[in-house]
Amino acid sequence: MRIGVLTGGGDAPGLNAAIRGVARRAFQRGFQVTGIKNGWAGVLGAGDLEELTPASVRGILPLGGTILGTSRTNPLKNPGGVEPAIALLRANQVDGLVAIGGDDTLSVAAAMSDASYPVVGVPKTIDNDLSVTQFCIGFDTAVGVVVEALDRLHTTASAHHRVMVVEVMGRDTGWVAMVGGLAGGADMIIIPEFEAKLEGVVDHLHRRRAEGKDFSIIVVAEGVRMLALEPAMAVAAAAEKRDAFGHVRLAKQGVGDALSNRIEEATGFETRVTVLGHLQRGGSPSPVDRIWATRLGVAATDLLAAGKAGMIPIRQDGQIDVVPLRDVIAETRRVPRELYELQQVFG
Ligand code: F6P
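Residues numbered from 1 in each chain as written. Predicted model: local features only at pLDDT ≥ 70, side-chain atom pairs only at ≥ 80, totals over all residues. Heavy atoms only, no water.

### Quick look at the overall build of the chain
Right, so step 1: Looking only at helices and strands, the chain has 11 helices and 11 strands in total.
Right, so step 2: The C-alpha radius of gyration computed for the chain amounts to 22 Å, which stays within 12% of the reference 20 Å derived for 347 residues, consistent with globular compactness.
Right, so step 3: Across the 347 residues that make up the chain, the buried fraction comes to 53%.
Right, so step 4: A separation threshold of at least 6 residues defines the contact pool for the chain, and within that pool the share at least 24 residues apart is 75%.
Right, so step 5: Put simply, the chain shows about 14100 Å² of open surface, and 51% of that area lies on carbon and sulfur atoms.
Right, so step 6: Computed over 35 positive and 39 negative side-chain charges, the separation of the two mean positions in the chain equals 5 Å. (Helix = DSSP H or I, 4+ residues; strand = E, 2+ residues; numbered from the N terminus. Rg over C-alpha atoms; globule rule 2.2 N^0.38 Å. Buried < 20%, exposed > 50% of the residue type's maximum accessible area, 1.4 Å probe, protein only. Contact = heavy atoms within 4.5 Å. Areas by Shrake-Rupley, 256 points an atom, 1.4 Å probe, with all protein chains shown as cover. Lys, Arg positive; Asp, Glu negative; His and termini not counted. Charge placed at Lys NZ, Arg CZ, Asp CG, Glu CD.)

### Structural notes on the packing of aromatic side chains
The geometry of an aromatic ring pair is captured by two quantities: the separation of the ring centres and the angle between the planes.
Right, so step 1: Applying the stated criterion across every chain, the model contains two aromatic pairs.
Right, so step 2: With 4.2 Å between their ring centres and 15° between their planes, Phe194 and Tyr340 make a pair best called stacked. In this pair, Phe194 is assigned in the loop between β7 (188-190) and α6 (198-210) and Tyr340 in helix α11 (residues 337-344), connecting sequence segments 146 residues apart.
Right, so step 3: Lying across the ring of Phe269, Arg209 places its NZ or CZ 4.0 Å from the centre.
Right, so step 4: Sitting above the plane of the Trp292 ring, Arg295 keeps its charged end 4.4 Å from the centroid. (Phe/Tyr/Trp six-rings, centres within 6.5 Å; stacked < 30°, edge-to-face > 60°. Lys NZ or Arg CZ within 6 Å of the ring centre and 35° of its normal.)

### Some remarks on the nonpolar core
Right, so step 1: The biggest cluster of nonpolar side chains holds 47 residues, and the ones touching the most others in it are Ile190, Ile191, Ile217, Ile218 and Leu259.
Right, so step 2: Counting residues per element, the ones that place at least two in this core are α4 (139-160), β6 (163-168), α5 (175-183), β7, α6, β8 (216-221), α8 (255-267) and α11.
Right, so step 3: Considering every element that reaches this core, the biggest residue donor is α4, with eight residues.
Right, so step 4: Dropping the residues within four chain positions of it, Ile191 is found in contact with Gly174, Ala177, Met178, Ala221, Val224, Val335 and Tyr340.
Right, so step 5: In this structure, Trp40, Leu89, Val94 and Val328 belong to the second largest nonpolar core, which totals 29 residues. (Core = buried A, V, L, I, M, F, W, Y, C linked by side-chain atoms within 4.5 Å.)

### Overview of the site of the ligand
Right, so step 1: Within the structure, the ligand sits among Arg72, Ile126, Asp127, Met169, Gly170, Arg171, Glu222, His278 and Arg281.
Right, so step 2: Side-chain polar atom of Asp127 to an oxygen atom of the ligand: 2.7 Å apart, as the coordinates give it.
Right, so step 3: Side-chain polar atom of Glu222 to an oxygen atom of the ligand: 2.5 Å apart, as the coordinates give it.
Right, so step 4: Within the complex, the protein chains bury 81% of what would otherwise be the 400 Å² of accessible surface of the ligand.
Right, so step 5: Here the residues of the shell around the ligand are counted per class, giving two nonpolar, two polar and five charged. (Near = heavy atom within 4 Å. Polar contact = N/O pair within 3.5 Å; in protein donor to acceptor, adjacent residues only side chain to side chain. Nonpolar A, V, L, I, M, F, W, Y, C, P; charged D, E, K, R; others polar.)

### A look at a nonpolar patch on the surface
Right, so step 1: Together, Leu342, Val345 and Phe346 make up a nonpolar patch on the protein surface, roughly 300 Å² of accessible area in all.
Right, so step 2: Along the chain, Phe346 turns up in the segment after α11. (Patch = residues over 30% accessible without salt bridge, like charges linked within 9 Å, V, L, I, M, F, W, Y side chains within 5 Å. Salt bridge = Lys/Arg side-chain N within 4 Å of Asp/Glu carboxyl O.)

### Brief notes about the pairing of strand β1 (residues 2-7)
Right, so step 1: For β1, a buried count of six out of six residues is recorded, marking the element as mostly surrounded by other parts of the structure.
Right, so step 2: The alternating pattern of β1 places Arg2, Gly4 and Leu6 and Ile3, Val5 and Thr7 on opposite faces, both of which are buried.
Right, so step 3: Here β1 pairs with strand β2 (residues 32-36) via four bridges, running parallel. When the sheet's bridge partners are listed, Val5 is paired in β2 with Gly35.
Right, so step 4: The parallel pair β1 and β2, bridged by helix α1 (residues 15-28), forms a crossover whose chirality is right-handed.
Right, so step 5: Taken together, the five bridges between β1 and strand β4 (residues 96-101) define a ladder with parallel strand orientation. Residue Val5 lies in a different strand from β4, and its bridge partner there is Val98. (Pairing = 2+ DSSP bridges. Right-handed = clockwise from strand over helix to strand, strands pointing away.)

### Overview of the sheet that holds β8
Right, so step 1: Taken in spatial order, the four strands line up as β7-β8-β6-β9 in an open sheet, and their pairing is parallel. Edge positions in the sheet fall to β7 and β9 (271-275), since each of these pairs with one other strand and no more. Taken pair by pair, the neighbouring strands of this sheet meet at an average axis angle of 20°, ignoring direction.
Right, so step 2: Contacts from α5 reach β6, β7 and β8, with the element oriented near 175° to β7. (Axes fitted to C-alpha atoms, helices over the stretch in contact; angles between N-to-C directions.)

### As for α4
Right, so step 1: Taking 1.5 Å as the rise per residue, α4 with 22 residues should run 32 Å; its terminal C-alpha atoms sit 31 Å apart, in good agreement.
Right, so step 2: Check the buried side of α4 and you find it contacts β6, α5, β8, β9 and α9 (287-305).
Right, so step 3: The positive-phi residue at the C-terminal boundary of α4 is His161, with phi of around 55°. (Expected span 1.5 Å × (residues − 1).)

Laid out in structure tokens, this is it:
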């Protein structure tokens, strides 16, 4: 048997651990492995495939990024949809594919499975917004970056008695903001799931000053929209440039910058903004990301070997479970009210 493996969408720490898990299990079973370069771009046109050997996956466990490269290419936008990709894989004797990705990558994988090509998935996204699974590769490491940043920002905020606004990634959900903010001791966390108003932010800051707390740390998720900030945000410009899956570049909207300016105007408190951006996606994966990426990569190879196509291994209650690929992309998983209320205890 020959299996293919690709990484699609935004990179995330732990992708290489998953590739290694897929490949090492395949070699153990006597399979051959084809690496597909740059996500779905690697199965278009003449294709961009490379043979993976034990040597090619050696030493990659601690590496960030992905040795295969990635892209946001969407074959479903091309004439023929996934059929040319399937034809290319078949022509290269690739019997089944492991697609490591988030909702976009896995939606293409599900379409290939619907077209009767054997595909399994591995859940990956620092946004942590896939349904059903309690683990997505990269989220734990991204949260670690936010926590380290908040620890550092606390000391400088305190020294200068400033308000620090910290913009973090997460697309349309607030997982990175909420979990990173809770672990890093932010005193306000603003996420797309729950409406926040500028007046509420200003009241919060005045209350803290009145209580003798002369600095504040506010975490805001990049996908937050606040009516009072709209004039200052580049919402229209960001919407013009969408990727192949239709997503706008939320960082371009500049919610952190807009919020920080409006806070300073409204309160007179000295305010600074830090946009963590791609620092959250770079660097070495955390132990949690390494271990679960490894477990899920191995499980994905086992699924293909067992002929269980159209499925994805996930984490459920500390164990590996297997569900249909379509289940994890059925809806965007959002931060529950319980966590939102928890952070209000620490305002
Ligand atoms: O989906 C992961 C993510 O990092 C989002 O949090 C963010 O909005 C987006 O990707 C950024 O994408 P790009 O790297 O293409 O700018």
